[in-house]
Amino acid sequence: CDMRALRALADRHGLMIVEDCAEALGTTINARHVGSWSDVATYSFFGNKTVTTGEGGMVTTNDDAVAARLRQAKGQGQSLHRRYWHDVLGFNYRMTNIAAAIGTAQMERVRPILARKAEIAACYRARLANSGVVFQKPMAGVVGSEWLVSLLLPQGINRDRVMNAMAEVGVETRPVFYPAHHMPMYRSEALLPVAEDIAARGISLPSFPMLTEADIDRVSEALTAALGLVEARNA
């Protein structure tokens, strides 16, 4: 996101920003880490994230009052100063010490993990440069985390057929996320052609940091072959 513009807009209207940084650990804008532009930011430590504790996540803030409120809410609403006294509604969102230890150990090696993620993304871009797929182009000054290597298939290509063809040779892929206004609970007749086009053509490739060059070759070759197969069927 253009966080500089969003921050200026929020300041102008006296608004707070809660930033969803779920998959963006390691992403910077003009050398400033995402999440630091906002009043509150959230990160995910789910099992497939760059750093994982198996489940759960992290909330960051530079507001002491918000931090205290979060600590109390995650601890079943128990007072921060009086044990077993619950003076607000809370939840059991506490992370176990074991999960925290796993996450802390992973944070100690986050730099080489991020570096390998960047190498994998660069390899995919090089190998698929002439395949007709489109990769996201970061804005100037942005360094992405490359958590998942996602791309758009060429116009007119059936995304599900491509994914099925890749699955048949043992290569798992995933669709990008569906637009919120298509979900049953938020269903609306809004026309959002950019989001809908990305949802229809987008896929994510295997991006695990332990992928080898041979693995990346195999995935790239499977995608290229699947594109040719689907195009032939369309013809």
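See the structure shown above.
Residues numbered from 1 in each chain as written. Predicted model: local features only at pLDDT ≥ 70, side-chain atom pairs only at ≥ 80, totals over all residues. Heavy atoms only, no water.

1. Examining the sheet that holds strand β5 (residues 57–61)
Then, in step 1: Taken in spatial order, the three strands line up as β1-β4-β5 in an open sheet, and their pairing is mixed. Pairing within the sheet leaves two strands with one partner each, and these edge strands are β1 (18–20) and β5. The mean angle between the axes of side-by-side strands here comes to 20°, regardless of whether they run parallel or antiparallel.
Then, in step 2: For strand β4 (residues 40–44) and β5, the ladder comprises five bridges, and the chain directions are antiparallel. Looking across to β5, one finds that Tyr-43 is bridged to Met-58. (Pairing = 2+ DSSP bridges. Helix = DSSP H or I, 4+ residues; strand = E, 2+ residues; numbered from the N terminus. Axes fitted to C-alpha atoms, helices over the stretch in contact; angles between N-to-C directions.)

2. A closer look at the pattern of salt bridges
Then, in step 1: Within the structure shown, the criterion is met by 10 salt bridges.
Then, in step 2: Put simply, Glu-119 and Arg-116 hold a salt bridge, and the shortest N to O gap is 2.9 Å. Here Arg-116 and Glu-119 lie together in helix α4 (residues 110–127), a separation of three residues that amounts to about one turn.
Then, in step 3: Where Arg-127 meets Glu-213, a salt bridge forms, and the shortest distance between an N and an O atom there is 3.1 Å. (Salt bridge = Lys/Arg side-chain N within 4 Å of Asp/Glu carboxyl O.)

3. A few points about empty space enclosed by the protein
Then, in step 1: What the rule picks out here adds up to one cavity of 30 Å³ or more.
Then, in step 2: Of the pockets and cavities examined, the largest cavity occupies roughly 50 Å³.
Then, in step 3: Around the largest cavity sit Ala-22, Glu-23, Leu-25, Ser-44, Phe-45, Lys-49, Thr-50, Val-51 and Trp-147, which together line it.
Then, in step 4: Of the residues that constitute the lining of the largest cavity, the class distribution is five nonpolar, two polar and two charged. (1 Å grid on protein atoms, 1.4 Å probe; cavity = no way out; pocket = protein on both sides within 12 Å on 5 of 7 lines; lining within 4 Å. Points joined across faces, edges and corners; volume = space filled by probe spheres on them. Nonpolar A, V, L, I, M, F, W, Y, C, P; charged D, E, K, R; others polar.)

4. Re helix α1 (residues 3–13)
Then, in step 1: When we look at burial in α1, the residues that qualify are Met-3, Arg-7 and Ala-10. Taken end-on, α1 shows its buried residues confined to a sector of 65°, consistent with a single buried face. Those residues of α1 that are exposed and angled more than 90 degrees off the buried face are Arg-4, Arg-12 and His-13.
Then, in step 2: Buried-residue contacts for α1 involve β1 and β2 (28–29).
Then, in step 3: The first or second residue beyond α1 is Gly-14, which carries a positive phi of 65°. (Buried < 20%, exposed > 50% of the residue type's maximum accessible area, 1.4 Å probe, protein only. Arc of directions from axis to C-beta. Contact = heavy atoms within 4.5 Å.)

5. Section: the nonpolar core
Then, in step 1: Core analysis: the biggest nonpolar cluster contains 26 residues, and Tyr-124, Leu-151, Leu-153, Val-162, Met-166, Leu-205 and Leu-223 have the highest contact counts within it.
Then, in step 2: When residues of this core are traced back to their parent elements, those giving at least two are α4, β8 (149–152), α5 (159–168), β10 (202–205) and α7 (213–234).
Then, in step 3: Residues within four places of Leu-223 in sequence aside, it is in contact with Leu-128, Val-133, Leu-151, Leu-153, Val-162, Met-166, Ile-203 and Leu-205.
Then, in step 4: Residues Ala-10, Leu-25, Val-34 and Phe-45 belong to the second largest nonpolar core, which totals 14 residues. (Core = buried A, V, L, I, M, F, W, Y, C linked by side-chain atoms within 4.5 Å.)

6. Describing unusual backbone geometry
Then, in step 1: Unlike most non-glycine residues, Ala-31 shows phi in positive territory, near 70°.
Then, in step 2: Inspection of the secondary structure puts Ala-31 in the loop between β2 and β3 (32–33).
Then, in step 3: The class for Ala-31 is exposed, based on a relative accessible area of 75%.
Then, in step 4: In this model, Glu-146 sits at a positive phi of 55°, which is unusual for a non-glycine residue.
Then, in step 5: Looking at the secondary structure, you find Glu-146 in the loop between β7 (142–143) and β8.

7. Describing α4
Then, in step 1: Compared with the 26 Å implied by 1.5 Å per residue over 18 residues, the 26 Å span of α4 between its first and last C-alpha is a close match.
Then, in step 2: Taken together, the buried positions of α4 are Val-110, Ile-113, Arg-116, Lys-117, Ile-120, Ala-121, Cys-123 and Tyr-124. Considered in projection along α4, the buried side chains sweep an arc of 160° and stay on one side of the axis. In α4, the exposed residues that point more than 90 degrees away from the buried face are Arg-111, Pro-112 and Ala-126. (Expected span 1.5 Å × (residues − 1).)

8. What to know about the packing of aromatic side chains
Aromatic rings in a pair are described by how distant their centres are and how their planes are angled relative to each other.
Then, in step 1: For the structure on display, the rule yields one aromatic pair.
Then, in step 2: Measuring from ring centre to ring centre gives 5.2 Å for Phe-91 and Tyr-93, while their planes differ by 10°; the resulting arrangement is stacked.
Then, in step 3: Residue Tyr-93 is classed as exposed on the basis of its relative accessible area, which comes to 60%.
Then, in step 4: Between the NZ or CZ atom of Arg-32 and the centre of the ring of Trp-37, over which it lies, the distance is 4.2 Å.
Then, in step 5: Here the basic side chain of Arg-83 rests over the ring of Tyr-84, its NZ or CZ set 5.7 Å away from the ring centre. (Phe/Tyr/Trp six-rings, centres within 6.5 Å; stacked < 30°, edge-to-face > 60°. Lys NZ or Arg CZ within 6 Å of the ring centre and 35° of its normal.)

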